[in-house]
Amino acid sequence: MAAVHDRHKAERTENLVRWTEFDRGGHFAALEEPDPLVGDVRAFFRQLRGKG
């Protein structure tokens, strides 16, 4: 529920380009579940490269 509130607030105050929520991991996602996080970061930059 907090993530919904956080996203709503961020959408009103920031220019969001991407928002991803994971089923696993926690506050330290890079240490706990690095593979999904790395995949998401790569997908983000692929998206930017495609717009160039």
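Here the structure is a predicted model, which means the values were calculated and not measured.

1. What to know about the overall build of the protein chain
Summing up its helical and strand segments, the protein chain has 3 helices and 0 strands in all. Going from N to C terminus, the protein chain has its helices and strands arranged as α-α-α. Its C-alpha radius of gyration of 13 Å places the protein chain more than 25% over the 10 Å reference for a compact globule of 52 residues. Considering only C-alpha atoms, the protein chain reaches an extent of 35 × 30 × 15 Å along its principal axes. Counting all 52 residues of the protein chain, 8% fall into the buried class. Looking at the protein chain as shown, the accessible area adds up to about 4700 Å², and 54% of this sits on carbon and sulfur atoms.

2. Focus on the packing of aromatic side chains
In total, this model carries 1 aromatic pair according to the counting rule given. With a centroid separation of 5.1 Å and an interplanar angle of 80°, the aromatic rings of Phe 44 and Phe 45 are classed as edge-to-face. Accessibility expressed as a relative area gives 23% for Phe 44, which makes it partly exposed. The exposure class assigned to Phe 45 is partly exposed, which follows from its relative accessible area of 47%.

Reading the values: the criteria
- Residues numbered from 1 in each chain as written.
- Predicted model: local features only at pLDDT ≥ 70, side-chain atom pairs only at ≥ 80, totals over all residues.
- Heavy atoms only, no water.
- Helix = DSSP H or I, 4+ residues; strand = E, 2+ residues; numbered from the N terminus.
- Rg over C-alpha atoms; globule rule 2.2 N^0.38 Å.
- Buried < 20%, exposed > 50% of the residue type's maximum accessible area, 1.4 Å probe, protein only.
- Areas by Shrake-Rupley, 256 points an atom, 1.4 Å probe, with all protein chains shown as cover.
- Phe/Tyr/Trp six-rings, centres within 6.5 Å; stacked < 30°, edge-to-face > 60°.

The analysis is restricted to geometry; functional conclusions fall outside its scope.
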